[in-house]
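These are the residues of each chain, in order.
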Amino acid sequence: MSTEDGTGSTVVGIAESRWGVRLEPELQRFREPGWSYERCVERRCPTCSGELHTMRRPYESAGKQYRYVAIVCPACPAAFDLAGLGLKKYDHLLKPATTGGTRTRPKPGVTGDGAGRPLLHWVKTTDPAMRVPRQPPGTDARVILPSGSEFDALRTSLADAGVAYRQVRHWLEDETITTVGARGRPVPLRASAGRDIATGTAATSARDAFEMIWDAHGDALATDWTPVEAATLVPAEWVPYLPYPGLNPLQVQAASEIVEQDGHVIVTAPTGSGKTVIGMLAAIKALLGQGRKVAWLVPQRSLTDELDRELASWREQGVRVERLSGEHATDMRKIREANVWVATTEKFEALCRTASLTTALAEVACLVVDEIHLLGDPARGPLLEALLARVAGSDSRVRIVGLSATVSNAAEIAGWLGARLVTSGWRPSRLTWQLLTIPDGADHRAQQLARTETAVAVADRIVDDGGSVLVFCGSKRAVRATALAVAAARGANTRGVSPDDLARLEKVCSGARVGIHYKDWDHKAAAERGFRTRDLDVLVATTTVAAGVNLPARAVVVQDTQLGITTMGVATVQQMFGRAGRIGAGETEGWGYLITTRGDRSGWQQDLVDGYVVRSRLDETLPDHLLAETAQGRMNTVTEAENWWVRTLANHKGTRDLEPVHAAVQTLLDGGFLAATTHEDGSSRFAVTELGRLTTRLMVGVQTGIRLRTHLAAQPAPSTAEDAESLLIRAVATQVPQFSELVIGEEHRQQVTRLLRAQGHVDRLSSELSTAGSVLAPGDLAQVTFLLVANTPRACAGRPRTIAGLPYSVLFSILSEAPHYFAWLAEQGGLATVQPWVAVVAADLGRRIRWRVTAPPRGAGRLLWICEQMATREHADRLVPQLFGAARRAEITSPDWPVGAPPRACQLTEPLYRALLADRAAAVDDAGEPVVFGRRGDYRSRGWLASYNEIAR
């Protein structure tokens, strides 16, 4: 048995190296490494009766070893899994099928361009002195070149030689795609960019990319279109809710599907073509036509802000629009009464798991899903897929309207949901993208400098022509360094100005009409305004923030394709390119430039030609979704779990193997999240345990929960309160991937190291606290963040801009997400599924992080708990700080005070207030033993834990 390495260890790579064929498998795992060739088998291809060959890849699930199987037919070419051939076991492949066919051999290698067309010689050039080579008779010769006057002589030479050419403004790319070899002899298709020569699929992608640009520039640019009055296509009472009284060609195409039909709809069209209005039409139909609610899902918190602004006029007309994201807490009454929920997928799923909202959720008639292609995102995709699989069921009364600019397999998504597909290539302006190449090299600093210099050169060219430019960088410091370089190229005096000298940097850059934009940049709002009004010509931004902000420009430069340790996805690049040439900026053409290394160029070209293909990632977090479905009463047997799996995108696209479902159920049973029961009829069922219910309610990942509990169970009982906090903080920071995988920016590494050395005690920091020889580890940024709250609470009070030299925005997302992990550990105290010290410390620390604005000291969690009860959930954000502050001023440090009149800000009636105190004061159980964890979740404890609880007294 032989094994290929590197990219060749994918099914796709092995097939190309062994037989020279290009596979387009539906299963994502066939594109992942770790496969090895196995053998040729007796069974024949069901399509062409050709030979079938097998490959296998090991994987582990629930502690057991398994092997995936891929079956490849080189003749078709095609790839299958066992289920795709109707088989259950690998051994069945080794026997001939009962109905055979004639044997065929794999196709031999082809010459020419690989598609049976005439010889071709296509050239992209930026060289006005390019020689026009002679070609064999009948060769399809074409050239794409810039439009400047310095190319007049070349255009004349091409015309004299009978070579077709097309000129493109701002053209900066060189490449030759040809099937003509030495002395005019035909050769397999190849593409060359400089010294690099690509063949096979890379050459095919180069040919397809050339053809796309050639076709786009074939006719004179036609941007004139006449809006169609909306009132002629939709009910007149809908029109006041639309941003414009007229509809564009895409909106006209989709309107009949939205208005006249009631089924699911998937809409794919380029960025900037007006898909949001289509979502509005679907929402208006549900609101006005059916009198029911709408949920509008967006992938990022920043997009909830943008959409909320777009729906502001609806509020003026009496529609109750509520924005739901981690940064915007809304009381439950407002949520129930809202007509439209604008939410991230995570926030909406959390609502679905809230029992008190069951009635309100039943009133939802339309679910608008922005960026539905994020089904393929490894982080967000599984949750969205599980949600849609539930909503799209045959008994559902909810209409799904999915919107996307980048998904290339939209027909598959529509087929899975049973949706009608509306697809259009219409865009009010023309977009041309190019790849700009820099040298490969191990020197990161030199490579980053090359990227910056290339981005600066492009920005100069576009601005000199009167256009505006968006430059996207992979880190905040890269944003500042690039902005400074652009300003210098525009004549600004940057001598002595460092990218880390923020005040001088802002002054120099804004003076050169260059803006900076990232999450914690103090002037980002001003930069947005200046760029939109064209007071700024260039805006340099981080990819993660600016990709979700509507900032149209003439040109977009993607300077970095690496975001920390993560490579940017093609969907993100396509969305950023979509910002170029937006009508909102008065542009009729847009240019997108991706800066890439020579080694990565062909891969990016292939990805951009093929587009973003959605592939299910559900199996990666399958236990989480099975647990959620079980907790919501939709399954309690293995058969029901299998039937749920059948409704998922993973199954629709061919992953019909039921082993992952069985393994996930076993993981839940072994971890104590489910409990098996045997009924009188002998049937076996499973039910959610209290641990499982807690886990799915707080949306803690099953595997994350298992890691956390296993890690903490191995820790010795700490002897002091500070040791206990340190142990717990380290566990959460290192065992929760959301925190352990955070990348620390280069500009923050020294301060994180110093704070870690000082264990978050800001008063122990000094210039003498050396960081020499320190190496930061996964989870260190989160660990420092928690330690600051634990050991220097005053530093976190209010809304500081920085804490011990770290921008508060760097810490904010960690502090926002952490409380539910601590709450998950705290609430296990009464379940006896963690050691008591873990639950006690987690309860205290989690509340102190949640209410850090009050600067609560160690032990204050118990007082904060009763403040929450008195404030009630609806008024907690406003009243808990008031109640806590009043208690501290009165020197109250514990919730165990005598019964009397309720505090002034208490929202409970007097009987409920008395019941709260009486229940809180119950210190013994029915057997007269001291209570460690009461039924309300508050706690008492014995031994050293009693000392922990007494600290604040």
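Residues numbered from 1 in each chain as written. Predicted model: local features only at pLDDT ≥ 70, side-chain atom pairs only at ≥ 80, totals over all residues. Heavy atoms only, no water.

## What about the overall build of the chain?
Next, step 1: When its secondary structure is counted, the chain shows 36 helices and 31 strands.
Next, step 2: By residue count, 53% of the 953 residues in the chain fall in the buried class.
Next, step 3: Put simply, 66% of the contacts in the chain that link residues at least 6 apart link residues at least 24 apart.
Next, step 4: Counting every atom, the chain has about 41,600 Å² of accessible surface; 49% of that belongs to carbon and sulfur. (Helix = DSSP H or I, 4+ residues; strand = E, 2+ residues; numbered from the N terminus. Buried < 20%, exposed > 50% of the residue type's maximum accessible area, 1.4 Å probe, protein only. Contact = heavy atoms within 4.5 Å. Areas by Shrake-Rupley, 256 points an atom, 1.4 Å probe, with all protein chains shown as cover.)

## Side note on the sheet that holds strand S7 (residues 164-168)
Next, step 1: Here six strands make up an open sheet; going across it, the order is S7-S6-S5-S8-S9-S10 and the pairing mixed. Only two strands of the sheet have a single neighbouring strand rather than two, namely S7 and strand S10 (196-199). Pairs of neighbouring strands in the sheet enclose a mean axial angle of 15 degrees, with direction left out of account.
Next, step 2: Two elements, strand S6 (residues 140-146) and S7, share five bridges in a ladder whose sense is parallel. Note on S7: the bridge partner recorded for Val143 is Tyr165. (Pairing = 2+ DSSP bridges. Axes fitted to C-alpha atoms, helices over the stretch in contact; angles between N-to-C directions.)

## A closer look at the pairing of strand S14 (residues 293-298)
Next, step 1: Counted residue by residue, S14 has six buried out of six residues, so it is predominantly covered.
Next, step 2: Note: S14 against strand S17 (residues 364-370), five bridges, orientation parallel. Bridged to Leu297 within S17 is Val369.

## Let's talk about the packing of aromatic side chains
Next, step 1: Applying the stated criterion across every chain, the model contains eleven aromatic pairs.
Next, step 2: Both rings, one in Phe210 and one in Trp214, keep their centres 5.9 Å apart while their planes meet at 20 degrees; by these two values the pair is stacked. Taken as a pair, Phe210 and Trp214 lie in helix H3 (residues 200-216) at a separation of four residues, close to a single helical turn.
Next, step 3: Phe210 sits in the buried class, given a relative accessible area of 0%.
Next, step 4: A relative accessible area of 7% means that Trp214 is categorised as buried.
Next, step 5: On the numbers, 5.6 Å between centres and 85 degrees between planes, the contact of Phe739 with Phe786 is edge-to-face. Residue Phe739 is located in helix H27 (residues 737-740), and its partner Phe786 is located in helix H29 (residues 780-791); the two are separated by 47 residues in the primary sequence. Phe786 shares its class with Phe739; the two are buried.
Next, step 6: Pairwise contacts between aromatic rings join Phe739, Phe786, Tyr821 and Phe822 into one cluster.
Next, step 7: The ring centre of Trp851 lies 4.0 Å from the NZ or CZ of Arg850, which sits over that ring. (Phe/Tyr/Trp six-rings, centres within 6.5 Å; stacked < 30°, edge-to-face > 60°. Lys NZ or Arg CZ within 6 Å of the ring centre and 35° of its normal.)

## Digging into helix H31 (residues 819-826)
Next, step 1: With seven of its eight residues buried, H31 lies for the most part within the structure.
Next, step 2: What H31 keeps buried is the set Pro819, His820, Tyr821, Phe822, Trp824, Leu825 and Ala826.

## Focus on the packing of helix H26 (residues 721-735) against helix H32 (residues 836-850)
Next, step 1: Viewed as axis vectors pointing N to C, H26 and H32 meet at an angle of 80 degrees, and their least axial separation amounts to 10 Å. One way to sum up the angle between H26 and H32 is to call them roughly perpendicular. Residue-level inspection shows Ala724, Glu725, Leu727, Leu728 and Ile729 of H26 in contact with H32, the latter providing Trp837, Val838, Val841, Ala842, Asp844, Leu845 and Arg848.
Next, step 2: Its residues assigned to classes, the contact of H26 with H32 shows nine nonpolar, no polar and three charged. (Parallel < 35°, antiparallel > 145°, perpendicular 65-115°, else oblique. Nonpolar A, V, L, I, M, F, W, Y, C, P; charged D, E, K, R; others polar.)

## A word on the nonpolar core
Next, step 1: Counting 73 residues, the largest nonpolar core has Leu626, Leu728, Val732, Phe739, Phe786, Phe822 and Leu825 as its most contacted members.
Next, step 2: Ignoring anything within four residues of it in the chain, the contact list for Phe822 reads Leu728, Val732, Phe786, Ala842, Leu845, Gly846 and Ile849.
Next, step 3: The next biggest cluster of nonpolar side chains, apart from the first, holds 62 residues, and it includes Val369, Ile400, Phe531 and Met576. (Core = buried A, V, L, I, M, F, W, Y, C linked by side-chain atoms within 4.5 Å.)

## Some details on helix H19 (residues 598-610)
Next, step 1: Burial in H19 covers these residues: Arg601, Trp604, Gln605, Leu608 and Val609. All buried residues of H19 fall inside an arc of 130 degrees around its axis, so they share one side.
Next, step 2: Immediately downstream of H19, the backbone of Gly611 shows phi near 80 degrees, a positive value. (Arc of directions from axis to C-beta.)

## Considerations on the side chain of Gln783
Next, step 1: When you line up the elements, Gln783 lands in helix H29.
Next, step 2: Beyond its immediate sequence surroundings of up to four residues, Gln783 is in contact with Ile729, Arg730, Ala733 and Leu756.

## Notes on the pattern of salt bridges
Next, step 1: A complete count under the given rule lists 43 salt bridges for this structure.
Next, step 2: In this structure, the salt-bridge partner of Arg155 is Asp152, at a minimum N-O distance of 2.4 Å. With Arg155 and Asp152 both in helix H2 (residues 152-160) and three residues apart, this pair spans about one turn of that helix.
Next, step 3: Overall, Arg155 belongs to the buried group, its relative accessible area being 9%. (Salt bridge = Lys/Arg side-chain N within 4 Å of Asp/Glu carboxyl O.)

## Side note on the confidence of the model for the chain
Any region with low pLDDT has predicted coordinates that should not be read closely.
Next, step 1: Predicted confidence across the chain gives a mean pLDDT of 85, with 88% of residues reaching 70 or more.
Next, step 2: Every residue in residues 1-7 is under pLDDT 50, and counting partners more than four places away or in other chains gives 16 contacts.
Next, step 3: The low-confidence segment residues 98-116, where pLDDT is below 50, has 29 contacts with residues more than four positions distant or belonging to other chains. (pLDDT = per-residue confidence, 0-100.)

## Some thoughts on the sheet that holds strand S21 (residues 469-473)
Next, step 1: Spatial strand order, S20-S27-S24-S21-S23-S22: six strands in an open sheet with parallel pairing. Sheet topology places strand S20 (430-438) and strand S22 (514-517) at the edges, where each strand pairs with a single neighbour. Put simply, the sheet's adjacent strands are angled 15 degrees from each other on average, direction ignored.
Next, step 2: Sheet topology places S20 next to strand S27 (residues 589-597); nine bridges connect them, and they run parallel. From the neighbouring strand, Leu435 faces S27, where its bridge partner is Leu594.
Next, step 3: Lying on the sheet, helix H13 (residues 444-464) is in contact with S20, S21, strand S23 (538-542), strand S24 (555-558) and S27; it crosses S27 at an angle near 165 degrees.

## Here we look at the state of the cysteines
Next, step 1: Overall, the coordinates contain zero disulfides when judged by the stated rule.
Next, step 2: Among the cysteines around Cys906, which has no disulfide bond, Cys867 carries the closest sulfur, lying 9.8 Å off. (Disulfide = S-S within 2.5 Å.)

## A few points about unusual backbone geometry
Trans is the prevailing form of peptide bonds, just as negative phi is the prevailing case for residues other than glycine.
Next, step 1: Between Cys76 and the following residue, Pro77, the backbone shows a cis peptide bond with an omega angle of -15 degrees.
Next, step 2: Positioned with a positive phi, Met699 is a non-glycine residue whose angle comes to about 55 degrees.
Next, step 3: Relative to the helices and strands, Met699 resides in the loop between helix H24 (690-697) and helix H25 (702-713).
Next, step 4: Its relative accessible area of 24% is what places Met699 among the partly exposed residues.

## Observations concerning the environment of Glu747
Next, step 1: Among the structural elements, Glu747 can be located in the loop between H27 and helix H28 (749-757).
Next, step 2: Through-space distance from the C-alpha of Glu747 to that of Lys476 is 9.0 Å; in sequence the pair is 271 residues apart.

## So, the environment of Gly779
Next, step 1: Along the chain, Gly779 turns up in the loop between H28 and H29.
Next, step 2: Here the alpha-carbon distance between Gly779 and Ala733, two residues 46 residues apart in the chain, equals 4.8 Å.
Next, step 3: Ignoring any residue separated from it by four or fewer positions in sequence, one finds Gly779 in contact with Ala733, Phe739 and Ser740.

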